[in-house]
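# An overview of the molecular structure
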Amino acid sequence: MSKLVLELQADALNPNISVPDLLRKALTVSKKLGIDQIEKWILAELNGYSEKESVPAYRLIRGHIMVWNPYRGWQPLYCENHRIMEKLATRRLIQSIPELNSFKDDTKEIHMTFPEKTKLQLMKGMEIPLEPILHVSPSTVVGILDTVRNMVLEWSLELEQKGIFGEGMTFSTEEKRTANQVTYQITNHIGNMNQSQLQQASPEAI
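What comes next is a walk through the structure. (Residues numbered from 1 in each chain as written. Predicted model: local features only at pLDDT ≥ 70, side-chain atom pairs only at ≥ 80, totals over all residues. Heavy atoms only, no water.)

### Let's talk about the packing of aromatic side chains
Centre distance and the angle of the planes are the two values used to describe a pair of aromatic rings. As a reminder, the rule being used: Centres within 6.5 Å make a pair out of two Phe, Tyr or Trp rings, where for Trp the six-membered ring is used; the pair is then stacked when the planes are under 30 degrees apart, edge-to-face when over 60, and tilted otherwise. What counts as a helix is a DSSP run of H or I of at least four residues, what counts as a strand is a run of E of at least two, and both are numbered from the N terminus. The cut-offs for exposure are 20% and 50% of the maximum accessible area for each residue type, with area from a 1.4 Å probe on protein chains only; residues under the lower value are buried, those over the upper are exposed, and the others partly exposed. Sitting over a ring, as applied to charges here, requires NZ of Lys or CZ of Arg to be within 6 Å of the ring centre and within 35 degrees of the ring normal.
Here the structure, examined in full by the defined rule, presents two aromatic pairs. Relative to Trp-74, the ring of Trp-68 has its centre 5.3 Å away and its plane inclined at 70°; by these criteria the two rings are edge-to-face. With centroids separated by 6.5 Å and ring planes inclined at 85°, the aromatic side chains of Trp-155 and Tyr-184 adopt a geometry described as edge-to-face. Linking Trp-155 in helix H7 (residues 138–161) with Tyr-184 in the loop between helix H8 (173–179) and helix H9 (186–191), this pair joins segments that are 29 residues apart in sequence. Tyr-184 gets classed as buried once you look at its relative accessible area, which sits at 3%. Taking the ring centre of Phe-114 as reference, the NZ or CZ of Arg-91 above it sits at 5.2 Å.

As structure tokens, this is what we get:
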């Protein structure tokens, strides 16, 4: 009979298995073992984070603030206050893994808008008001997907080291007990959360 944890490892190592599908199998494992913290993380990754929720550090990304000049194309937006610009160029990526997965093969930069109030404040300081857009490299999304894949792989390896394999789609009582007595390395990534203040930064927040 197949071992569910070993199947999870094989899927994590298989680039043809999408990260959303990998997370669904990881959710099955965590649910059957009763590991609440990891289950909560997987559900957040599958469904996306809310605007008010903290996100893991790997979801804190950086882009370039650009404006569209109808005569010269995209141009970088300059501001004397580098601290504010750094905050505005930093964003919490709250989209679900299935949504991010749909962007992974895109070769074009991802364009992210600013909240209306922030956008208007930025445009107010321009000689010619042009809408600012945050440009994010597609490689940023790929990096998040790879991080999540690696985290699932590391967790499945930890389960194996503790003698937790599963038989088919079930785990023994002893395996469940052992699984809930272990502190997993994956919790270090999950616990390193970032709040939403960076996303709320504005030119007035000096």
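### Regarding the pairing of strand E3 (residues 64–69)
To keep it simple, the criterion reads: The pairing criterion for strands is at least two bridges between them, as found by DSSP.
Across four bridges, E3 lies against strand E7 (residues 132–136) in antiparallel orientation. The residue of E7 that forms the bridge with Val-67 is Pro-132. As paired elements, E3 and strand E4 (residues 73–76) share four bridges and run antiparallel to each other. Note that in E4 the partner of Met-66 across the bridge is Pro-76. The turn linking E3 back onto E4 is made up of three residues.

### Overview of the nonpolar core
Here is the rule we go by: Buried Ala, Val, Leu, Ile, Met, Phe, Trp, Tyr and Cys residues that are joined via side-chain atoms within 4.5 Å together make up what is termed a nonpolar core. A contact between two residues is defined here by any heavy atoms of the two lying within 4.5 Å.
Grouped together as the largest cluster of nonpolar side chains are 55 residues, with contacts concentrated most on Leu-23, Trp-41, Trp-155 and Tyr-184. Here this core gets nine residues from one element, more than from any other, and that element is H7. In contact with Trp-41, other than residues within four places in its own chain, are Leu-23, Tyr-49, Pro-56, Tyr-58, Val-148, Met-151, Val-152, Ile-186 and Ile-190.

### Examining the sheet that holds E4
As a reminder of what qualifies: Axis lines are fitted to C-alpha atoms, over the contacting stretch for helices. Their N-to-C directions set the angle, which ranges from 0 to 180 degrees.
In space, the four strands of this open sheet follow the order E4-E3-E7-E6, with antiparallel pairing throughout. Each end of this open sheet is capped by a strand with a single partner; those strands are E4 and strand E6 (110–112). Taken over all neighbouring pairs, the strand axes of this sheet differ in orientation by 45° on average, direction set aside.

### Observations regarding the pairing of E7
Of all five residues in E7, five are buried, a share of seventy percent or more. Side-chain alternation along E7 places Pro-132, Leu-134 and Val-136 on one buried face and Ile-133 and His-135 on a second face that is also buried. Judged from the three bridges that link them, E6 and E7 form a sheet pairing that is antiparallel. Within E7, the residue paired with His-111 across the bridge is His-135.

### Side note on helix H1 (residues 4–13)
For clarity, the cut-off: When we speak of the arc, we mean the arc of directions from the helix axis to the C-beta atoms.
Residues of H1 that are buried include every one of Leu-4, Val-5, Leu-8, Gln-9, Asp-11 and Ala-12, and no others. Taken end-on, H1 shows its buried residues confined to a sector of 165°, consistent with a single buried face.

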